[in-house]
Amino acid sequence: MNRNRSHDEWQRAQRVLAGGVNSPVRAFGAVGGDPIFFESGDGAIVRDVDGNEYVDYVLSWGPLILGHRHPAVIRALELALTRGTTFGAPTIAETDLAEELIACTPSLEVVRMVSSGTEAAMSAIRLARGFTGRDGIVKFDGCYHGHADALLVAAGSGAATFSIPGSRGVPKRAVEHSHVAPFNDGDAVKKLLREKGDEIAVVAVEPVAGNMGLVPPEPGFLELLRAETERAGTLLLFDEVMTGFRLGLSSAQGRLGVTPDLTALAKVVGGGLPLGAYGGSAAVMKHLAPGGAVYQAGTLSGNPLAVAAGLATVRELRATEPYAAIEKTAGALETGLLAAADRAGVPVRIQREGTMMSLYFREGPVRDYEDAKSADQERFARFHRGMRDRGIYLPPSQFEAYFLSTEHGEAEIERTIEAAAATFADIASGRS
Ligand SMILES: *Cc1c(COP(=O)(O)O)cnc(C)c1O
């Protein structure tokens, strides 16, 4: 596969963009080779600047559940463009989108819109701290909540521990109230909350983890978090930036039957434009400025283009309820990949929840970040290279989820499984 133009553009980008990219994982550091520069997308297919086509399982890291350039989204954007790109003042569509999000999501009575998932999670944490008058937060090892200082913490191991900053430039003081527990370890959180619950403002969790690869919650884990936070007067925040409107119209919270106090959304609800939202009960949300004392603001928050794309996406999802169909396609992909790996004698583990999944090069269940890290990264890198040379674009890291859309059909799945069979065979024989 000729990717000369991508190669040249990568050299040029590295001179003027930090690390060549505007977000680190795009640089392909974990899988090697030049990043692919894309020119266009259509449905489930993306085309690179050299004219190669790929089945896209990244979908811009999740937002494009309707595929690239869905007609309803394009129409809404075209109409919004004729009216103006931003006013910094209320527009009717913001209220429309808020009503749609609230109608679908069990925990939401009132929302506030922002421009990214990072902002949504960060602001929800501030609100929880302001509401409870407590500073402590609990997060889980391997869960990602964006790059705000207090949430950018590396893990402790074993039981819940105080954490250390996960990045240079994050002051120790900024994470001194951040506790980290292993995902799926409800007992660690229970112990922490029973000991010092009166210091903990919020427990933040991806209800289905997708940033260490796909790791579903074990039965009882979210229920335990719900019960213990309630007991401690601590708020429970579901970071549904990835799972929101992806695991169903009612998101992970509806699917799994556990209702948090606060919810962060982004990705799908922005329809491919920069938009996030966070919300909860009216009683909690009234503490936000201008009504309350917790400050949070944004020049481009509720931007008309982003809201138009988000509203069109959410309305299309509500009108068509495509989840069961996409899940069926995802199930066929899972079955096909497992069979292909088995035939090649390559041990793999696939974890799937609805329309998102991950393939790990290891056996046995992956229940937390420690398990995920024990998967064979070298094999994953070879798998990624083999797949992209065969026209399949997978997330360039073992610790990311694959996403499907309404536009992934039998032809795309067949093509993917064929590519995987050939790539697994190469891996088994040491050819790649
Ligand atoms: C992507 C993601 C974020 C960050 O969202 P951005 O829009 O990249 O800032 C936060 N939380 C979760 C669970 C995510 O998947």
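Predicted model, so just to flag it, every value in this text is computed and none were measured.

1. Here's the deal with the domain arrangement of the protein chain
Part 1 of the argument: If you check the domain split of the protein chain, you get domain 1 (4–65 + 322–429) and domain 2 (71–320).
Part 2 of the argument: Its C-alpha centre places domain 1 at a distance of 26 Å from the equivalent point of domain 2.
Part 3 of the argument: The interface of domain 1 with domain 2 comprises 30 residues on the first partner and 29 residues on the second.
Part 4 of the argument: Taken together, both faces of the contact between domain 1 and domain 2 bury some 2,400 Å²; the carbon and sulfur share is 57%.
Part 5 of the argument: Of all residues in domain 1, Tyr 323, Glu 353 and Arg 367 bury the most surface against domain 2, accounting for 28% of the area lost on that side.
Part 6 of the argument: If you look at where domain 1 meets domain 2, you find three salt bridges.
Part 7 of the argument: Note that Arg 255 and Glu 327 form a salt bridge whose closest N and O atoms lie 2.8 Å from each other.
Part 8 of the argument: Run the count over domain 1 and domain 2 and you get 13 residue pairs in polar contact (both at pLDDT 80 or more).

2. A look at the sheet that holds strand 3 (residues 53–56)
Part 1 of the argument: Taking strand neighbours across the sheet as the criterion, the four strands line up as 1-2-3-14 in an open arrangement whose pairing is mixed. The open sheet has two free edges, formed respectively by strand 1 (38–42) and strand 14 (392–393), since each of these has just one partner strand.
Part 2 of the argument: Packing of helix 13 (residues 410–429) onto the sheet brings it into contact with strand 2 (45–48), strand 3 and strand 14, and relative to strand 3 it is tilted by some 105°.

3. Focus on the packing of aromatic side chains
Part 1 of the argument: In the structure shown here, the tally under the stated rule is 11 aromatic pairs.
Part 2 of the argument: Ring geometry for Phe 140 versus Phe 221: centroids 5.4 Å apart, planes at 80°, classification edge-to-face. On the criterion of sequence distance, the pair formed by Phe 140 in strand 5 (residues 136–141) and Phe 221 in helix 6 (residues 221–232) is long-range, its members being 81 residues apart.
Part 3 of the argument: A residue is classified by how much of its surface remains accessible, and Phe 140, at 0% relative accessible area, is buried.
Part 4 of the argument: By relative accessible area, which is 4% here, Phe 221 ends up buried.
Part 5 of the argument: Residues Phe 183 and Phe 221 carry aromatic rings whose centres are separated by 5.2 Å and whose planes lie at 65° to one another, so their mutual orientation is edge-to-face.

So, how was this worked out
Residues numbered from 1 in each chain as written. Predicted model: local features only at pLDDT ≥ 70, side-chain atom pairs only at ≥ 80, totals over all residues. Heavy atoms only, no water. Domains from an automatic or database assignment. Contact = heavy atoms within 4.5 Å. Buried area = accessible area lost by both parts, 1.4 Å probe. Salt bridge = Lys/Arg side-chain N within 4 Å of Asp/Glu carboxyl O. Polar contact = N/O pair within 3.5 Å; in protein donor to acceptor, adjacent residues only side chain to side chain. Pairing = 2+ DSSP bridges. Helix = DSSP H or I, 4+ residues; strand = E, 2+ residues; numbered from the N terminus. Axes fitted to C-alpha atoms, helices over the stretch in contact; angles between N-to-C directions. Phe/Tyr/Trp six-rings, centres within 6.5 Å; stacked < 30°, edge-to-face > 60°. Buried < 20%, exposed > 50% of the residue type's maximum accessible area, 1.4 Å probe, protein only.

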